[in-house]
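Observations on the three-dimensional arrangement
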Amino acid sequence: MSGAEFVPLSLTPLLIGICAAVACALPGNFLVLRRQALIGDAISHVVLPGIVVAFLLTGVISAWPMMLGAAGAAVIAVILIEAVRRLGRIEPGAAMGVVFTAMFAFGVLLLEQTDTSSVHLDVEHALYGNLESLIWLDATGWASLMDPEALRGLPSELPRMALTLLAVCLFTWLFWRPLKISTFDEGFAGTVGIATAPLGLALVIVAAVAAVAAFDAVGSIIVIAMFICPPAAARMMTNRLERQVAWSVVFAVAAAVSGYVLAGYGPLWLGGADAISAAGMIATMSGVILAVTARFGPCRTRTGAPVQG
Amino acid sequence: MLQLATRDGSPAPAAGLDHSPLAIRGLTVSYGEKPAVFSVDMTVQPGAMTAIIGPNGAGKSTLLKAALGIIRPLSGQVTVLGRSLDAQRARIAYVPQRASVDWDFPTHVMDVVLMGLNRELGLLGRVRAWHKARAMDCLRRVGMQDFADRQIGQLSGGQQQRVFLARALAQDAELYLLDEPFAGVDAATEKAIISVLKALKDAGKTVVAVHHDLSTVADYFDNVFLINTRKVAEGPVSEVFTAGNLQAAYGGRLATAQVDQLSALPA
């Protein structure tokens, strides 16, 4: 494929897909190890009503109101989950399940009942995103990367997603040791000077920011898949957290690239006519990677029972 | 209950509030409506080994966690070495129950011990050779130096417990709080742990452990603290570890066999 075709049509969706995948996979490592992986799932669902309400209030699809709406919905969800958990005295997983499905359903209902047909905001968009449409029409080839005029026409999702990824990386790097210690042994972490409760909340907030930014660009399917699949697959490749996180990034990138390419060209190779949803294919590839590592990964047995060597 | 009340009013122990490594006043902790620990006073003697004993669900671990600030109490005060808990956290080392963590966590023995150095390392401090040397020394003290690179899930229960103890040693504290350090460990590990704890005591440190094996209390510890939600008794083993106090703490739950075994104790 020539640069003249690749750069305007595929480069930006690919980069956005990669950034979204890695931004979700990084906090996903800790969420999976803390048995909180469902939180990523919950967040990606609860933001829908927030985004719809933000749209209804402002009447436009723009990043900041939607982000604020999503954040507001996430806060309401956290409060509701805590309330259900305490008042109903049930386990957190069940409380999350009740709250996020109810809020997602409410969001779908809002979407159906209000006039959002004039804009690109509908249930399909919420699930699959619109990765393929995030093209860079101002680009004419690789040279456009150096052309300020063309760069101005970049889809705004790209810098936003890149910035989110940067923030997630920064958080992970800065709080690496406290995150690791408190994920392994929360009670002990408190005795070596780690503020475990604020740190746990910060992790959830970072995950929420990644989820909302990714949701906007690529839909909730990728978000759910990337929080869980790359970290879970990476865990089966190694017994060291450092290497697990590195593997999860490799898997997230591999899923994004292979998923995007297969969605665009796979059907053609198979004799079909149309491309299929890139977000759906990326999520599928992350599942395939997980299945492969679950079968062939070197560290896939639970070592709770003693192992030779 | 009358008996409990009088025991609560027993004469004040030797060390006052100001000098005790761990002094607890009026501590009440509740998970639901029923308190797990109710209005407990405790004054730990410095440079000694104290066992916290009591039946299952008596609030032993809860008492320890509240003393460490892991659980927020409903009421009560905790003073560590004469000052507030928050001011003295760096002088406390903690060994949680082995079963409280997931041993499938992707890490290895050396890394776990280095967690004990978190305060010194700070947020971004790099692990240097001397940090590793110190961690290795702690592993040597518990006889686990050959396992430094081992994935923690591959250890036996006793080995895991020793790694936890090594991590607490790395904290280099004045006060060591251990939650059931002998639960489910092999005889060799029990021996190794008790010799490390006695060495700590000889170095002037204070050791407090939740303990469940009544038959070893007299051998291992200087003082006992008997609890069953409320404090039952507190003091030197020779004075407080009596059949009467045990009956008061355990009620009918102390098996007859155990009572027989302990019948040599003063009544």
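In this text the structure is predicted, and so the values were computed from the model without any measurement.

A few points about the overall build of chain B
For chain B, the helix and strand inventory stands at 12 helices and 10 strands. The buried share among the 267 residues of chain B stands at 53%. Here the contacts in chain B between residues at least 6 apart in sequence split such that 69% fall between residues at least 24 apart. Roughly 11,400 Å² of accessible area belongs to chain B as shown, and the carbon and sulfur atoms make up 50% of that amount.

With respect to the overall build of chain A
Helices and strands together make up the secondary structure of chain A, namely 13 helices and 0 strands. Each helix (α) and strand (β) of chain A, taken in turn from the N terminus, gives the series α-α-α-α-α-α-α-α-α-α-α-α-α. Against the globule reference of 19 Å for 309 residues, chain A gives a C-alpha radius of gyration of 20 Å, in line with a compact fold. In terms of overall dimensions, chain A has a C-alpha envelope of 55 × 50 × 40 Å along the principal axes. Per-residue burial over chain A gives 52% buried out of 309 residues. For chain A, restricting intrachain contacts to residue pairs at least 6 apart in sequence, the fraction spanning at least 24 positions comes to 72%. When the accessible surface of chain A is totalled, it reaches about 13,900 Å², and 70% of it is carbon and sulfur. Computed over 15 positive and 18 negative side-chain charges, the inter-centroid distance for chain A is 22 Å.

Concerning the packing of helix 7 (residues 157-174) of chain A against helix 10 (residues 196-218) of chain A
Residue and element names in this part refer to chain A. Contact geometry for helix 7 and helix 10: axes closest at 10 Å, N-to-C directions at 160°. Classified by the angle their axes make, helix 7 and helix 10 are roughly antiparallel. For the crossing formed where helix 7 meets helix 10, the hand is left-handed. From helix 7, Glu-157, Arg-160, Met-161, Thr-164, Val-168 and Phe-171 reach across to helix 10, where they touch Ala-202, Leu-203, Val-206, Val-209, Ala-210, Ala-213, Ala-214, Asp-216 and Ala-217. Considered class by class, the residues forming the contact of helix 7 with helix 10 number 11 nonpolar, 1 polar and 3 charged.

What about the environment of Val46(A)?
Residue and element names in this part refer to chain A. With respect to the helices and strands, the residue Val-46 is situated in helix 2 (residues 37-58). The buried category is assigned to Val-46, whose relative accessible area is 3%. The sequence separation of Val-46 and Leu-241 amounts to 195 residues, and the corresponding C-alpha distance is 30 Å. In this view, Val-46 contacts Ala-73, Ala-74, Ala-77, Phe-100 and Met-103; residues no more than four positions away in its chain are not counted.

Concerning the packing of aromatic side chains
Summed over the entire model, instances satisfying the criterion amount to 11 aromatic pairs over all chains. Among the aromatic residues, those joined into a ring-pair cluster are Phe184(A), Trp103(B), Phe105(B) and Phe164(B). Seen from the ring of Phe188(A), Arg167(B) lies directly overhead, with NZ or CZ sitting 3.4 Å from the centre. Cation over ring: Arg167(B) sits above Phe164(B), and NZ or CZ is 4.2 Å from the ring centre.

Comments concerning the interface of chain B and chain A
Chain B puts 36 residues into the contact, and the matching count from chain A is 33 residues. Together, the buried faces of chain B and chain A total about 3,000 Å²; carbon and sulfur atoms form 55% of this surface. Among the residues of chain B in contact with chain A, Asp104(B), Phe105(B) and Pro106(B) are the three that bury the most area, contributing 22% of the side total. The interface formed by chain B and chain A includes 3 salt bridges. The residue Asp185(A) makes a salt bridge to Arg167(B) at a minimum N-O spacing of 2.7 Å. Counting every contact that joins chain B to chain A gives 12 residue pairs in polar contact (both at pLDDT 80 or more). Elements supplying a minimum of two residues to the side of chain B that touches chain A: strand 6 (92-95), helix 4 (109-114), helix 5 (118-121) and helix 7 (157-170) of chain B. Per-element accounting of the side of chain B that touches chain A gives the leading share, 3 residues, to helix 5 of chain B. The class makeup of the residues in the side of chain B that touches chain A is 16 nonpolar, 10 polar and 10 charged.

Points about the nonpolar core
Within the largest apolar cluster, 147 residues are counted, with the highest numbers of intra-cluster contacts made by Ile53(B), Tyr176(B) and Leu197(B). Looking at this core, the element that brings in the most residues is helix 1 (residues 3-33) of chain A, giving 17 residues. Apart from the residues lying within four places of it in its own chain, the contact partners of Leu197(B) are Met49(B), Leu165(B), Leu178(B), Phe182(B) and Val207(B).

Observations concerning the sheet that holds strand 5 (residues 83-84) of chain B
All names here are of chain B. Spatially, 2-1-4-5 is the arrangement adopted by the 4 strands of the open sheet, whose pairing is antiparallel. A single partner strand is all that each edge strand has here, and the edge strands are strand 2 (35-44) and strand 5. Pairing between strand 4 (residues 75-80) and strand 5: 2 bridges, direction antiparallel. Residue pairing for strand 5: Thr-79 is matched across the bridge by Ser-84. Its contacts with the sheet put helix 2 (residues 60-67) on strand 1 (22-30), strand 2 and strand 4, and the angle it makes with strand 1 is roughly 115°.

Overview of unusual backbone geometry
Residues and elements named next belong to chain B. One non-glycine residue, Leu-81, lies in the positive phi region at around 50°. Position of Leu-81 among the secondary structure elements: in the loop between strand 4 and strand 5. Here Leu-81 falls in the partly exposed class, since its relative accessible area comes to 24%.

A short note on the sheet that holds strand 3 (residues 49-53) of chain B
All names here are of chain B. Read from one edge to the other, the open sheet built from 6 strands follows the order 6-7-8-3-9-10, with strand pairing classed as mixed. Two strands bound the open sheet, and with one partner strand each, they are strand 6 and strand 10 (230-236). For this sheet, the mean angle separating the axes of adjacent strands, direction not counted, is 15°. Bridge count for strand 3 against strand 9 (residues 223-228) is 4 bridges, and the pairing is parallel. Following the sheet pairing, Ile-53 is matched in strand 9 by Leu-226. Sitting on the sheet, helix 7 is in contact with strand 6 and strand 7 (175-179), with an inclination near 170° to strand 6.

With respect to the environment of Ser156(B)
Residues and elements named next belong to chain B. Along the chain, the position of Ser-156 falls in the loop between helix 6 (129-141) and helix 7. Judged by its relative accessible area of 29%, Ser-156 is partly exposed. Sequence separation of Ser-156 and Arg-230 is 74 residues, and the distance between their C-alpha atoms is 35 Å.

Digging into helix 6 of chain B
Residue and element names in this part refer to chain B. Taking 1.5 Å of rise per residue, the 13 residues of helix 6 would be expected to cover 18 Å, and the 18 Å separating its terminal C-alpha atoms lies within 8% of that figure. Residues of helix 6 that are buried: His-131, Ala-135, Cys-138 and Leu-139. Take helix 6 and look down its axis: the buried residues cluster within an arc of 100°, on one side only. Opposite its buried face, helix 6 presents the exposed residues Ala-129 and Trp-130, each directed more than 90 degrees away. Lining the buried residues of helix 6 we find helix 4, helix 5 and helix 7. Gly-143 lies just past helix 6 and shows a positive phi near 75°.

Definitions and limits used
- Residues numbered from 1 in each chain as written.
- Chains lettered and ligands numbered in written order.
- Predicted model: local features only at pLDDT ≥ 70, side-chain atom pairs only at ≥ 80, totals over all residues.
- Heavy atoms only, no water.
- Helix = DSSP H or I, 4+ residues; strand = E, 2+ residues; numbered from the N terminus.
- Buried < 20%, exposed > 50% of the residue type's maximum accessible area, 1.4 Å probe, protein only.
- Contact = heavy atoms within 4.5 Å.
- Areas by Shrake-Rupley, 256 points an atom, 1.4 Å probe, with all protein chains shown as cover.
- Rg over C-alpha atoms; globule rule 2.2 N^0.38 Å.
- Lys, Arg positive; Asp, Glu negative; His and termini not counted.
- Charge placed at Lys NZ, Arg CZ, Asp CG, Glu CD.
- Axes fitted to C-alpha atoms, helices over the stretch in contact; angles between N-to-C directions.
- Parallel < 35°, antiparallel > 145°, perpendicular 65-115°, else oblique.
- Left-handed = near helix turned anticlockwise from the far one by under 90°.
- Nonpolar A, V, L, I, M, F, W, Y, C, P; charged D, E, K, R; others polar.
- Phe/Tyr/Trp six-rings, centres within 6.5 Å; stacked < 30°, edge-to-face > 60°.
- Lys NZ or Arg CZ within 6 Å of the ring centre and 35° of its normal.
- Buried area = accessible area lost by both parts, 1.4 Å probe.
- Salt bridge = Lys/Arg side-chain N within 4 Å of Asp/Glu carboxyl O.
- Polar contact = N/O pair within 3.5 Å; in protein donor to acceptor, adjacent residues only side chain to side chain.
- Core = buried A, V, L, I, M, F, W, Y, C linked by side-chain atoms within 4.5 Å.
- Pairing = 2+ DSSP bridges.
- Expected span 1.5 Å × (residues − 1).
- Arc of directions from axis to C-beta.

Geometry only, nothing functional implied.
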